[in-house]
Each structure stands twice: as structure tokens, then as C-alpha cells.
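Take a look at the letters that make up each chain.
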Amino acid sequence: MSTQLTAPGQLGGTLSAIAVPARMRATMLRRSLREHPGPTVAGLVGLLAAAWLIRYALRGDQHTLGLLAGAWVLGWIVLPLLLGGGRGRVRPAHLRLEPIGGVPAAIGLLAASAIGIGPAVSLVALAALPVHAARYGTVAVLVTALGAALLWLLGLIGSAIALEVVGHAGGPAGALLTGVFTGTAMGVAGSLWAVFPWVSVLLVAAPEEVVRAMAYVPSAWPIASVTGPLGQGVRLMATLVGIVALCAAAYIMLVRRVIAAGAPFRPRRTTAASPAAAEREWLGWVPAATRAVVGRELRAWVRHPLRLQYLAFAVVYGALLAGLPLLSDVDLLLPWAGPLAVLGAAAMSAGLVGLDGTALWLPLTTPGGERAEVRGRAVAWLVLVTPIGVLLTVAGILLAPDIDPLAALSTVPALLGAGASVPVWVSLLRVRPVADPRHPTAADNPTDIVSVLVATAAGLLAAAPVLALVIWGPPEAAPLLPVVGLLSGVATWWGGVSLADERFARRGTAVLAAAGQRSRPPETVLPLTWDMQWYRENKSTAWALGLLTVGWIPVIPQGLMPLVFGIDSGWIVAGHLSGSAHTAVGLAMVGLGVAMLLTGLVLWDRRPQPGGL
């Protein structure tokens with residue numbers, strides 16, 4: 001009898017405990033919406049995208065619709081990791097002091113996660129699946145509605161798992177995701193000419209290879225289950241239910257682990273390196289002091305979030321720039337995936353000294369420390385980036401066997417030599433400190449456009465002899481391309497290292513002082529309307545803005561378009577000429593534009609700073 005009396009009380013206590021996270025989340029959401037309009041604006045944009053998806057579902061292709069639905073669910077899982085979606089979220093650690101078990105806690109946390117603008121907009125977007133199935137009857141609508149609900153649960157649970165695991169795994173995992181995401185966005189933006197035709201074809205009807213691949217994508221199963229045989233539909237829906245159940249079980253185990261131990265994983269144990277490991281044979285030719293810097297830099301590249309983010313961005317960006325043209329059946333750039341990734345890694349390494357803060361006093365107080373610091377950073381970059389560049393180049397060659405890879409292979413050593421040394425000099429020359437080197441965030445960007453352009457220009461300058469020999473050299477000189485690339489890389493290496501040595505030896509204290517600052521100088525405020533007084537006081541800034549804006553016209557429309565793409569419209573000067581005059585005018589336009597851009601960068605760097613800085 002006592003059990004019958006206490007059971008309702010226990011059930012009520014469990015339900016009350018489950019409702020606690022939901023009430024917490026509702027309170028936090030209500031207050032955040034009052035203070036920040038950003039989520040509301042993002043919700044409106046999401047509703048517009050969901051409305052377009054529903055409109056496409058009325059007449060669109062079922063395989064393309066499944067692909068778009070899957071991309072939506074994947075974005076729901078990944079984007080909060082990049083945009084700080086974990087803020088204002090109820091986490092399992094918040095319930096450690098509550099008398100609640102793992103299963104009720106997981107249910108309550110998922111209920112809390114479902115309260116928000118993102119889950120509501122996602123539910124509206126996934127309603128496109130039953131809208132598309134309406135043409136097949138009422139039963140099809142009910143089945144696809146169930147499938148859409150399962151996909152919604154999959155996104156909800158996957159997002160909760162990702163935020164908990166990545167958030168507590170430390171910065172490196174989130175940094176890798178951020179680098180991959182930004183690299184993908186920039187790679188797609190840089191290859192719009194190849195992506196747009198493929199997307200337009202995909203929206204009309206999915207190609208055959210996409211149709212075959214979608215058979216293994218869960219987001220396509222709800223519609224496939226009502227358009228195929230009955231047995232196939234039962235198997236697909238049962239598999240989708242099983243996937244959701246497995247994710248739910250994984251989340252329950254994760255919540256139990258956090259409630260019991262305070263973290264989803266055990267802290268990583270650190271062990272001291274043995275003396276034998278320090279004297280590695282493959283770096284035996286490097287002096288001991290330089291070898292110590294190499295080891296420190298390699299560990300920093302693996303563990304520092306911003307360095308991982310920059311490296312992931314460079315690799316993904318270079319690979320996509322070379323690979324996305326395949327969507328338009330253009331494989332000419334595939335062997336250049338490695339050189340593009342190396343060039344991107346060099347550009348993103350042009351401000352790493354600013355991440356070190358006052359740790360630079362160590363090489364300054366060590367005899368010969370400046371030389372070891374410069375060479376150690378350069379060698380570590382080589383050890384890290386060389387395998388990436390070589391692997392991407394070889395992969396591109398294997399994927400495009402009909403393309404002559406000699407030019408791409410020959411530019412790799414030239415770009416490696418420039419990328420290893422020149423960014424070290426640039427980062428010592430233009431130090432941009434971060435607010436707190438011990439706790440870096442994505443907002444702590446130690447590079448600026450001038451540093452990136454200088455590092456990129458150094459790589460292009462190193463590869464220029466190889467490219468010039470390819471374009472203007474006789475065919476008999478082709479076997480000399482690897483030798484020219486190697487010599488160019490060695491020369492650029494020693495030039496960059498010498499400049500960095502001189503800079504660090506002569507201006508080491510100034511570099512240390514700049515890296516140790518906790519705040520940057522205020523940026524120049526640009527007026528939104530015409531202001532003659534501001535122009536008189538900031539002529540160099542005004543000229544810099546004008547040159548940086550107009551300088552691209554001679555480079556791209558007047559230079560590269562007629563030279564590379566053969567576009568000769570009425571307003572292109574070289575289009576009115578032919579033969580050598582056409583080439584000479586195009587090259588002159590490129591030189592003029594480059595000179596304008598460089599002058600604009602110099603003037604921008606010398607602009608007057610607020611407060612007389």
C-alpha cells in the first residue's frame with residue numbers, strides 16, 4: 001500500500017525535475033531576446049530560408065530536397081559550435097547538485113534544447129518533406145511527417161552532443177571546425193563560376209551520382225520510404241528510428257558521465273618527454289637550441305586553437321579552389337591543390353608572433369636565442385606544411401592524370417621556402433598583440449591585410465621564375481623547372497631568414513613590447529558622409545581608400561580578363577589591340593593596378609592614428 005502511495009509522488013518529483021531545465025532555458029531565452037535583437041533577426045532569416053525550402057518542395061526534385069534537408073540538419077548541429085550557440089544553454093553540469101538521474105536529466109536537457117528560435121525554425125523547414133509527399137496521398141504525408149520529426153530529433157540530439165563534447169574537449173576541436181567552415185565558405189565563394197552551374201542543374205534534377213549517394217543519406221529516407229516498395233520503406237524508417245535511438249542512448253551516457261564526474265572525458269595526462277625523444281635522428285642536423293624551438297612550435301601548432309584554425313582554413317581553402325572546378329568538368333587546377341594550400345598556410349602564418357605575448361623574452365635573454373627562434377619557427381613550419389603540400393599535390397595529380405603536373409610540382413619547393421621564412425619576418429615586423437595570449441578566442445586575429453598580402457606576394461615572387469619559364473620559356477627548358485623551383489625556394493628561405501634575424505636582433509625589445517600589449521591602438525574612424533574637414537586632416541587615409549578601391553580595376557578587368565580568359569569587351573583597353581600590343585597593354589594594366597594597390601597599402605599603414613599614435 002505504501003508503494004502505491006509513494007509512486008505518484010516519485011513520478012511527480014521526476015516530472016518536476018525534468019521541467020527544471022526547460023524553465024531555466026525559457027527564462028534565459030526571454031531575457032536574451034529583450035537584450036539582444038540578433039537571435040530574432042537570425043530567426044527571421046531562417047524563416048525566409050524555410051519558406052523557400054517549402055516552396056521548392058512543391059515542385060522540386062525529391063533527391064535534391066533530401067540533400068537540402070540533410071544540409072539543414074547538419075548546419076543545425078555544426079553552426080552553433082562556430083557561432084557561440086552554447087551560450088545561454090542549459091548544460092548537464094548545471095544539474096550536478098540536483099537529485100535527478102541520468103535519464104530524467106537527459107530528457108529535461110533535450111526539452112530545454114528544444115526551446116528556442118533555432119529548433120522552431122528547423123521544424124518549419126523540415127515540414128517541406130511532408131509537403132513534397134502530399135502528391136502521393138495521405139499515408140505518405142503521415143509517414144514523411146514522422147520521418148521529419150525523427151530528423152528534427154536527430155538534429156536536436158546531435159547538436160546537444162556536439163556542444164557538450166566539443167565545448168569540453170577544448171579549443172582545438174572547435175578551432176578545426178571553424179577553420180573547415182570558413183575555408184569551405186571562402187573556397188565556394190572563390191569558385192562561384194564553377195559552383196553556380198552545378199547548383200542550377202541540381203535544383204532542376206539531381207544528377208545520377210547524387211541520386212545513388214542519397215540512398216545512404218538519412219535525410220532522403222522519409223521520401224524514399226513512400227516512393228519505393230513497402231518493404232524498403234519499412235526498412236528505411238526502422239533504420240532512421242534506430243539511428244535516433246542510438247544518438248539518444250549516447251546522449252544519456254554523456255549526461256550521466258558529466259553529472260557523475262563533471263566532464264564528459266577524463267583530463268588528458270601529460271608526460272615529460274624522454275631525453276632520447278629529444279635527440280631525434282631526423283633533426284640531428286639541427287642545432288640543439290633550434291631543435292628545442294622546433295619542438296615547442298610543433299606542439300603549439302597542434303594545441304593552439306588559432307593556429308589549428310588557420311591551418312585547417314588554408315588546407316580546405318586550397319583544396320576547394322583546386323577541386324570545385326570539377327563540378328564544371330574543369331580539372332586543370334587539381335595538381336595545384338598543394339601549392340594553393342601552401343600559399344594559404346604562409347599567408348595565415350604572417351602574424352603568429354602576436355600570439356606569444358611576453359614569452360618572447362626567453363629568446364632575447366638566451367645567447368644566440370634570436371637566431372634559434374627564427375630558424376626554429378621556420379623549420380617547424382616546414383615540417384608541418386611540407387607533407388600537406390606534397391600529399392595534396394600528389395592527390396591532384398592522381399585525380400587528373402591528363403594534366404601536366406611539372407609546373408605545380410616545381411612551384412612547391414619555391415612556395416615552401418618563402419612560406420617558411422618570410423612570414424616569420426613579417427610577423428616580427430608587424431606585431432599585432434591579442435588581448436590575452438593565455439586564453440585566445442576567434443576574435444583574436446593577429447594578422448592584418450598588409451601582412452597577409454606581403455606573405456602572399458613573397459610566395460608568388462618565389463614561384464615567379466618557374467611560372468615565367470613555363471609561360472615564356474622554350475619547351476626544351478621544361479626539365480629545368482624543378483631545379484629552378486628548388487633554387488628559388490632556397491634563395492627565398494635565406495632571404496627571409498636573414499631579414500628576420502636582423503629584425504629580431506636589432507629590434508627585439510620593441511617586438512617584445514609590442515607583443516606584450518593588452519590592447520591595440522584605436523582604429524581610424526571613417527565618416528559615412530562627405531566631410532572636407534576630415535579629408536584635410538586625413539589625406540593619406542582618403543588616398544589609401546581610393547587606391548585600394550580603384551586599384552582592382554586595372555588588375556582584374558583591364559589585365560587578367562583579357563590576358564587569362566580572353567575577354568575583350570568594348571571598355572577593355574587591350575581588347576582594341578592585337579598581338580604583342582594586346583599582351584603588353586594587359587601586362588601594363590596589371591602592373592599599374594599592383595602599383596596602385598601597393599601604394600594604397602603603404603598610405604594606409606602610415607595613416608594618422610587617433611590620439612596621435
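So, a few notes on the structure that sits alongside this text. (Residues numbered from 1 in each chain as written. Predicted model: local features only at pLDDT ≥ 70, side-chain atom pairs only at ≥ 80, totals over all residues. Heavy atoms only, no water.)

**Observations concerning the overall build of the protein**
No. 1: When helices and strands are counted, the protein shows 25 helices and zero strands.
No. 2: Looking at the protein residue by residue over its 613 residues, the buried ones come to 41%.
No. 3: Sequence separation of 24 or more characterises 78% of the internal contacts of the protein that already satisfy a separation of 6 or more.
No. 4: For the protein, the computed accessible surface area is about 31,900 Å², with 70% contributed by carbon and sulfur atoms. (Helix = DSSP H or I, 4+ residues; strand = E, 2+ residues; numbered from the N terminus. Buried < 20%, exposed > 50% of the residue type's maximum accessible area, 1.4 Å probe, protein only. Contact = heavy atoms within 4.5 Å. Areas by Shrake-Rupley, 256 points an atom, 1.4 Å probe, with all protein chains shown as cover.)

**Considerations on the packing of helix α18 (residues 369–399) against helix α19 (residues 406–429)**
No. 1: Relative orientation of the contacting elements α18 and α19 amounts to 150°, with a least axis distance of 9 Å. Between α18 and α19, the angle falls in the class roughly antiparallel. Viewed along their axes, α18 and α19 form a crossing whose handedness is right-handed. From α18, Val 374, Arg 377, Ala 378, Trp 381, Leu 382, Val 385, Thr 386, Thr 393 and Ile 397 reach across to α19, where they touch Leu 409, Val 412, Leu 416, Gly 419, Ala 420, Val 424 and Leu 428.
No. 2: Taken together, the residues of the contact of α18 with α19 break down into twelve nonpolar, three polar and one charged. (Axes fitted to C-alpha atoms, helices over the stretch in contact; angles between N-to-C directions. Parallel < 35°, antiparallel > 145°, perpendicular 65-115°, else oblique. Left-handed = near helix turned anticlockwise from the far one by under 90°. Nonpolar A, V, L, I, M, F, W, Y, C, P; charged D, E, K, R; others polar.)

**Quick word on the packing of aromatic side chains**
Working definition: an aromatic ring pair is given by the centre-to-centre distance plus the angle between the planes.
No. 1: If you walk through the whole model with that rule in mind, you get four aromatic pairs.
No. 2: Seen from their ring centres, Trp 76 and Trp 152 are 6.1 Å apart, and the 45° between their planes marks the pair as tilted. Taken together, the residues Trp 76 in helix α3 (residues 62–82) and Trp 152 in helix α7 (residues 138–168) connect sequence positions 76 residues apart. Like Trp 76, the residue Trp 152 is buried in the burial classification. (Phe/Tyr/Trp six-rings, centres within 6.5 Å; stacked < 30°, edge-to-face > 60°.)

**Observations regarding the side chain of Arg 503**
No. 1: With respect to the secondary-structure elements, Arg 503 resides in helix α21 (residues 481–515).
No. 2: Put simply, Arg 503 is tucked away with no salt bridge, and the nearest opposite charge, on Glu 502, sits 6.8 Å away.
No. 3: Beyond its immediate stretch of four places on either side in the chain, Arg 503 contacts Trp 425, Leu 428, Leu 429, Gly 508 and Val 511. (Lys, Arg positive; Asp, Glu negative; His and termini not counted. Salt bridge = Lys/Arg side-chain N within 4 Å of Asp/Glu carboxyl O.)

**Quick word on the side chain of Ser 488**
No. 1: You can see Ser 488 is positioned in helix α21.
No. 2: Its relative accessible area of 10% is what places Ser 488 among the buried residues.
No. 3: A distance of 2.4 Å separates a polar atom in the side chain of Ser 488 from the backbone oxygen of Ala 462.
No. 4: Each residue touching Ser 488, except ones within four places of it in the same chain, is listed here: Ala 414, Ala 462 and Pro 465. (Polar contact = N/O pair within 3.5 Å; in protein donor to acceptor, adjacent residues only side chain to side chain.)

**Brief notes about the pattern of salt bridges**
No. 1: Per the stated rule, a full pass over the model turns up seven salt bridges.
No. 2: A salt bridge links Arg 377 to Glu 373, with the nearest nitrogen and oxygen atoms 2.9 Å apart. Residue Arg 377 and its partner Glu 373 are both found in helix α18; the two are separated by four residues, about one turn of the helix.
No. 3: According to the relative accessible area criterion, Arg 377 is buried, its value standing at 9%.
No. 4: Taking the relative accessible area as the measure of exposure, Glu 373 reaches 4% and is therefore buried.
No. 5: When the shortest N-O distance is used, the salt bridge between Arg 506 and Glu 502 registers 3.0 Å. Of this pair, Arg 506 and Glu 502 both sit in helix α21, four residues apart, which is roughly one turn of the helix.
No. 6: Owing to a relative accessible area of 64%, Arg 506 belongs among the exposed residues under this scheme.
No. 7: Residue Glu 502 is classed as partly exposed on the basis of its relative accessible area of 41%.
No. 8: Overlapping salt bridges, with partners in common, bring together Arg 296, Glu 297, Arg 307, Glu 373 and Arg 377 in one network.

**A look at the environment of Ala 457**
No. 1: Tracing the backbone through its elements, the reader meets Ala 457 in helix α20 (residues 449–472).
No. 2: Its relative accessible area of 42% is what places Ala 457 among the partly exposed residues.

**Looking at the nonpolar core**
No. 1: The biggest cluster of nonpolar side chains holds 42 residues, and the ones touching the most others in it are Leu 65, Leu 126, Leu 129, Tyr 251 and Val 255.
No. 2: At the level of elements, α2 (38–59), α3, α4 (102–113), α5 (117–126), α6 (128–133), α7, α11 (221–227) and α12 (230–261) are the ones that each hand at least two residues to this core.
No. 3: Sorting elements by how many residues they give to this core places α7 first, with nine residues.
No. 4: In this view, Leu 129 contacts Leu 65, Ala 69, Thr 144, Ala 148, Leu 151, Ser 219, Pro 222 and Ile 223; residues no more than four positions away in its chain are not counted.
No. 5: Counting residues in each nonpolar core, the second largest holds 37 residues, with Leu 311, Val 353, Val 412 and Phe 504 among its members. (Core = buried A, V, L, I, M, F, W, Y, C linked by side-chain atoms within 4.5 Å.)

**Here we look at helix α23 (residues 539–550)**
In an α-helix, one full turn covers 3.6 residues, which means residues spaced three or four apart are oriented alike.
No. 1: The end-to-end C-alpha separation of α23 is 16 Å, in line with the 16 Å expected for twelve residues at 1.5 Å each.
No. 2: When we look at burial in α23, the residues that qualify are Thr 541, Ala 542, Ala 544 and Leu 547. (Expected span 1.5 Å × (residues − 1).)

**A look at the environment of Ala 71**
No. 1: Mapped onto the fold, Ala 71 is located in helix α3.
No. 2: When the C-alpha positions of Ala 71 and Ser 219 are compared, they lie 8.7 Å apart, and in sequence the two are 148 residues distant.

**So, the packing of helix α15 (residues 305–323) against helix α16 (residues 337–348)**
No. 1: Where α15 meets α16, the axes come as close as 8 Å, and the angle between the chain directions of the two elements is 150°. Here α15 and α16 pass one another in a crossing that is right-handed. Residues Tyr 310, Phe 313, Ala 314, Val 315, Gly 318, Ala 319, Leu 321 and Ala 322 of α15 form the contact with α16, whose own contacting residues are Ala 337, Leu 340, Ala 341, Gly 344, Ala 345 and Met 348.
No. 2: Taken together, the residues of the contact of α15 with α16 sort by class into twelve nonpolar, two polar and no charged.

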